Amino acid sequence: MNVTPFFENFIDAYIEQLSWYSAFAFPFFIIFWIVGKKYFKKIRIQETERAKLRHFKHDLGFSVVTFFVFAIMDVCILYLDSKGYTQVYFDISEYGYLWLGLSFFIVLFLDDMFFYWSHRAMHLPRFYKIFHKVHHESTDPSPLTAFAFHPTEAVVEYFVGFVLPFLLPLNFGVLITWQIFSMLNNVLGHLGYEVYPKGWVKFPLLKFKTASTHHNMHHQLFNGNYALYFTWWDKWMGTEFKDYETRHEQIFERKNSKKSTQDLHSLTVSERELFLIKEQTSENASQKAQVSAQVFGQSYEFDTEEGKTISLIRKNTQNL
Ligand SMILES: [Zn+2]
Ligand SMILES: [Zn+2]
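Residues numbered from 1 in each chain as written. Chains lettered and ligands numbered in written order. Predicted model: local features only at pLDDT ≥ 70, side-chain atom pairs only at ≥ 80, totals over all residues.

Quick word on the nonpolar core
Item 1. Within the largest apolar cluster, 26 residues are counted, with the highest numbers of intra-cluster contacts made by Ala 25, Phe 28, Phe 147, Ala 148, Phe 149, Val 187 and Leu 191.
Item 2. Counting residues per element, the ones that place at least two in this core are helix 1 (3–35), helix 2 (53–82) and helix 7 (172–189).
Item 3. When residues of this core are assigned to their parent elements, the largest contribution, seven residues, is made by helix 1.
Item 4. Once you skip the residues sitting within four places of it in the chain, Leu 191 turns out to touch Phe 28, Phe 32, Pro 143 and Ser 212.
Item 5. Counting residues in each nonpolar core, the second largest holds seven residues, with Phe 115, Tyr 226, Ala 227 and Trp 233 among its members. (Core = buried A, V, L, I, M, F, W, Y, C linked by C-beta atoms within 7 Å. Buried ≥ 20, exposed ≤ 12 C-beta atoms within 10 Å, placed from the backbone. Helix = DSSP H or I, 4+ residues; strand = E, 2+ residues; numbered from the N terminus. Contact = placed C-beta atoms within 7 Å.)

Some thoughts on unusual backbone geometry
Item 1. In this structure, Phe 222 is a non-glycine residue whose phi angle is positive, near 75 degrees.
Item 2. Considering the arrangement of structural elements, one finds Phe 222 in the loop between helix 8 (212–221) and helix 9 (232–237).
Item 3. With a phi close to 50 degrees, Asn 225 is a non-glycine residue in the positive phi region.
Item 4. The residue Asn 225 is located in the loop between helix 8 and helix 9 in this model.
Item 5. Owing to 23 C-beta atoms within 10 Å, Asn 225 belongs among the buried residues under this scheme.

Following this line, the structure appears as structure tokens:
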């Protein structure tokens, strides 16, 4: 391979990757996390915001590295395509419309399956500490978290996109639609706000598409909800959080459970203790995630005298 065209192709690919990322992650970040923050508070998945500036910087930094890796892989695909090794085609009539539609769903199914199993592998202690911890730095994820990976994990993330054009005849339009679907899904999964409507998790067919709460719970609680696009692998393998549906539904019922600190006296002793635990652990993400895992379930909000809102999630207070 001649070095100059490789370098030029790499620059083009890198700019393209960063443009895709900017087109999806930044508008959602600006709308939900900056401009419309107050307006969208009612659909915030984690009521207590723990994302700090250092998390945004961390996620942005690793995302830039991720797209560097993706661009290198893009250049390899382009080079092999120029040698006639891929099965990418442009004329739909070559394989017909039936294959065009079918191939899109096959691609999504394979991508989702690979992601589920590779993601579970990434949670094995030896891989987690070295690679996947980078992505889990944000336990309260934002759109900037969507592509924050260790460079090695970035290769794994792009693996299906890298090999499928060699294995299946894929129309260029299918590849672009897959790219858009994947980007949008990833950003919504890390949005921090629930944009899928009330009832989504119970509706017959729609419930198989992951709502934003699905992956958000994975960032908060770690060992469950591993899937990317669809809920079926987690349902089949018993790794879906038991409270996933309840948690999604509760987001739309919060106004009924809002209490003031004046109501604290009506709580039982153990509930007061839990309230204090939440307060004490607010700066310790892992400890807090542990507490949340134990008490996960019903949620309350308390408005303090200073006008600050503190959220409390409770279920089994006797476990604390
Ligand atoms: Zn994970
Ligand atoms: Zn994630």
